[in-house]
Amino acid sequence: MSAGETDGGHAGREPGGHAGQESGGRLPVGVRFREYQARRGRGDGPPADEPGREFRSYYGRPILKAPVWKRDIPAYFFTGGLAAGSSMLAAGADLTGRPAMRRATRLASLAAMGASTYFLIHDLGRPNRFHHMLRIAKPTSPMSMGTWILALFGPASGIAAVAEVAPALPRRGVLGLARRALPVAGTTAGYLAAAVAPAVATYTAVLIADTAVPSWHEAYPQLPFVFAGSALASASGVALLAAPLAETGPASRLAVAGAAMELVASHRVENAMGIVSEPYRQGRAGRLLRAARGLTVAGAAGAVLGRRSRLVSALSGAALVAAAALTRFGVFEGGVASAKDPKYTVVPQRQRVEESTGAR
Amino acid sequence: MNRLYGPLDPAPDAGYQDPPARMGFFTDTSICIGCKACEVACKEWNGVPGHELTMLGMSFDNTGALTANSWRHVAFVEQPVPAGRQTPAFAGTPTGPTIAPAAAADAVTTTTDTGTEPGLDPGRHPDSAARMAAGPEFLGMPASELPGRQPGREERTDLRWLMMSDVCKHCTHAACLDVCPTGALFRTEFGTVVVQEDICNGCGYCIPACPYGVIDQRKTDGRAWKCTLCYDRIGDGMTPACAQACPTQSIQFGPLDELRERAARRVERLHAAGETTARLYGHDPEDGVGGDGAFFLLLDEPEVYGLPPDPVVTTRDLPDMWKRAGVAALAMAAAVAVAFLGRPA
Ligand code: SF4
Ligand code: SF4
């Protein structure tokens, strides 16, 4: 029976039996839904208006409220990931004696954190109340956890970047003391930032997955990998852009690793979730993600093949940075589109109900 | 940490010792007359701003959706189906099939400035709207002809109105509350979910988190607003304004246990009277949100009223989400370590 035909649907069903209970142990609904999708055949399935995708709604209107976040938020996902990845590269460069790469990535991390702070506060409905985020620490709120992760990461990444001014300071006097103390402080802070960085890069994926937005929530197993890979690729991009060829060996390797992680995970997001993958292939989200994919592939290839050319390396780096931004905007737009269309709320939930009432 | 899923009494779980009984709403849509007294009473009591007057073309629904500026919303659906066992009203008149599906399909793109974000998004699916207004009998795609001009009067049907006063569900497991980073949203001693307007900083996280699309942001002040289940009134032993104003007792307020019993009896009575489409929605503590504090008796599928058919609180999967993020974070660290240390520089 299609979701659109409801006569007879009432007859055999217990009143109010919408909840899809199962006796005994309950599998998470996401798992059940994915299994169901797998049984129906992976991939695209029939387009929306073919039989089987017919659904009812209240005047075709969305059930969910779409996110009210402005462009600040996908922009922050990009800058936050860039800051995190850059801190990790900076620590690696510091450890393995690559001063130019360390300087570039530390400064990139600070700049990206500065931009992130602006985006995050600017997006609030009440920006002057941003400090209300610090009233509590709440494990069930990824945004609250993220606030505290950033509270650790931001200052650490900042100190590491400030330490880069040490060589410019005079050798004598108070500033001379600072000149000697700063590198140690910078290294310590840099390692701390690098230790927190993976959390900075991935919590944002949890943040958007932890919503009712169908195409975000269903993607929760993959999104952290999309964001982590994209963060690494973009930070490697910065290193390729700004550091001399002699130092960028690890960056070009990381560019490939990050790009691979991102491409594999986003391929699954875009294809393996049945109907809720659709919004990632259509409209603006689809265009953004296709462009991101092209740039990621080109950037990663250029990073390896062009590793002896300063120009090709720099171009590859720029491509990777741009790709990371496009990825975040694409994922963001895909989710918003899925929230605005009742199809992505009703059809999967209806399938779940039919499945569990049919299984009785 | 509070429990994230399953049946639960929310107030003790939130740390109240000896809280009063959990209070809620039972909204029986079978006796709603669509007068909107609830919408008005709520605005009056809670000082909720109005918005411009627009005809949305959605039957008699010109509110459109629950928003930050409408904490009760009366949905209207017109369907060509005899109501109960009454005599066909149009017997012998040359009316033909109702125009309800065509009208619904037309209404899809209308919208109005609710003064809120995202407010009332236009619809995307005329065909889906037509199906809602086609009733249990699927009548095919809507026609653009006036009813009387169409042939086939032997097929004509009566019209029924589905009217439903929607409201925040005050979920047992409320995603809005779970994700709020400031603590502005909190659980009251009555088990309800309320926003503290002096704390909310308009981060907007609650808005896409709600599986029912209830909470919304007011443009004028940037904060999130929704039904408080009249926290001020019930604290003084009074009835919430909407339930007080409802002339048919379609909105019933009381201890949730009692309401659930009463609702079960009501469904039995309706079934006995031949109204077999009656079903409860949100009453079941075993459902995806642990049961709603405000639940409903419906006469059609939930999605016809704009309700999700099987909502699940998103935070149920949060532990899994953090696990996946942890694995991704480790993969990141490993990739960096290998890139720098794996091969000689
Ligand atoms: S999640 Fe939505 S329906 Fe549930 S209490 Fe929050 S706003 Fe109300
Ligand atoms: S908008 Fe206000 S109520 Fe909603 S999650 Fe943010 S701080 Fe909490």
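What counts and how
Residues numbered from 1 in each chain as written. Chains lettered and ligands numbered in written order. Predicted model: local features only at pLDDT ≥ 70, side-chain atom pairs only at ≥ 80, totals over all residues. Heavy atoms only, no water. Contact = heavy atoms within 4.5 Å. Buried area = accessible area lost by both parts, 1.4 Å probe. Salt bridge = Lys/Arg side-chain N within 4 Å of Asp/Glu carboxyl O. Polar contact = N/O pair within 3.5 Å; in protein donor to acceptor, adjacent residues only side chain to side chain. Helix = DSSP H or I, 4+ residues; strand = E, 2+ residues; numbered from the N terminus. Nonpolar A, V, L, I, M, F, W, Y, C, P; charged D, E, K, R; others polar. Near = heavy atom within 4 Å. UniProt positions renumbered as here; feature names shortened; annotations may be inferred. Buried < 20%, exposed > 50% of the residue type's maximum accessible area, 1.4 Å probe, protein only. Patch = residues over 30% accessible without salt bridge, like charges linked within 9 Å, V, L, I, M, F, W, Y side chains within 5 Å. Areas by Shrake-Rupley, 256 points an atom, 1.4 Å probe, with all protein chains shown as cover. Lys, Arg positive; Asp, Glu negative; His and termini not counted. Charge placed at Lys NZ, Arg CZ, Asp CG, Glu CD.

Novice: Tell me about the interface of chain B and chain A, residues and numbers included.
Specialist: Quoted interface sizes are often the accessible area lost when the parts come together. Taken together, the contact pairs 115 residues of chain B with 93 residues of chain A. Together, the buried faces of chain B and chain A total about 8600 Å²; carbon and sulfur atoms form 60% of this surface. The largest contributions to the chain B side of the interface with chain A come from Tyr 205, Met 332 and Phe 340 of chain B, which together make up 10% of the buried area. Counting every contact that joins chain B to chain A gives four salt bridges. Note that Arg 350 of chain A and Glu 303 of chain B form a salt bridge whose closest N and O atoms lie 2.7 Å from each other. Between chain B and chain A we count 46 residue pairs in polar contact (both at pLDDT 80 or more) in total. Considering each element in turn, the side of chain B that touches chain A owes the most residues, 17 residues, to helix 10 (residues 318–342) of chain B. Grouping the amino acids of the side of chain B that touches chain A by side-chain chemistry returns 63 nonpolar, 27 polar and 25 charged.

Novice: For the site of ligand 1, give the residues involved together with the corresponding values.
Specialist: In the region of ligand 1, 13 residues are neighbours, and Cys 168, Lys 169, Cys 171, Cys 176 and Cys 210 of chain B sit closest. Tallied by class, residues from the shell around ligand 1 come to ten nonpolar, one polar and two charged.

Novice: An account of the UniProt feature "binding site: [4Fe-4S] cluster 1" (unreviewed entry) in chain B is needed here, citing residue identities and associated values.
Specialist: Residues and elements named next belong to chain B. Here, UniProt's "binding site: [4Fe-4S] cluster 1" (unreviewed entry) annotation points to Cys 32, Cys 35, Cys 38 and Cys 246. A maximum C-alpha distance of 10.7 Å places the annotated residues, which cover 215 residues in sequence, within one compact spot. Inspection of the secondary structure puts Cys 35 in the loop between strand 1 (23–28) and helix 2 (37–46). Within the element layout of this structure, Cys 246 appears in the loop between helix 8 (241–245) and strand 9 (251–255). Accessibility expressed as a relative area gives 14% for Cys 246, which makes it buried.

Novice: I'd like a description of a negative patch on the surface, backed by residues and values.
Specialist: Together, Asp 9, Asp 257, Glu 258 and Glu 261 of chain B give the surface a local cluster of negative charge. Within the fold, Glu 261 of chain B resides in helix 9 (residues 256–272).

Novice: Pulling in residues and values, what's your account of the UniProt feature "binding site: [4Fe-4S] cluster 3" (unreviewed entry) in chain B?
Specialist: All names here are of chain B. In this numbering, the UniProt entry assigns the feature "binding site: [4Fe-4S] cluster 3" (unreviewed entry) to Cys 168, Cys 171, Cys 176 and Cys 210. Across 43 residues of sequence, these annotated residues stay compact in space, with a maximum C-alpha separation of 10.9 Å. For Cys 168, the position within the fold is in the loop between strand 4 (160–167) and helix 5 (175–179). Once residues within four sequence positions are removed from consideration, Cys 168 is found in contact with Leu 66, Trp 71, Val 214, Lys 226, Cys 227 and Ala 294.

Novice: How would you summarise the site of ligand 2 if you had to cite specific residues and measurements?
Specialist: Taken together, 13 residues form the shell around ligand 2, and within it Cys 180, Thr 182, Cys 200, Cys 203 and Cys 206 of chain B come nearest. In the shell around ligand 2, the residues fall into nine nonpolar, four polar and no charged.

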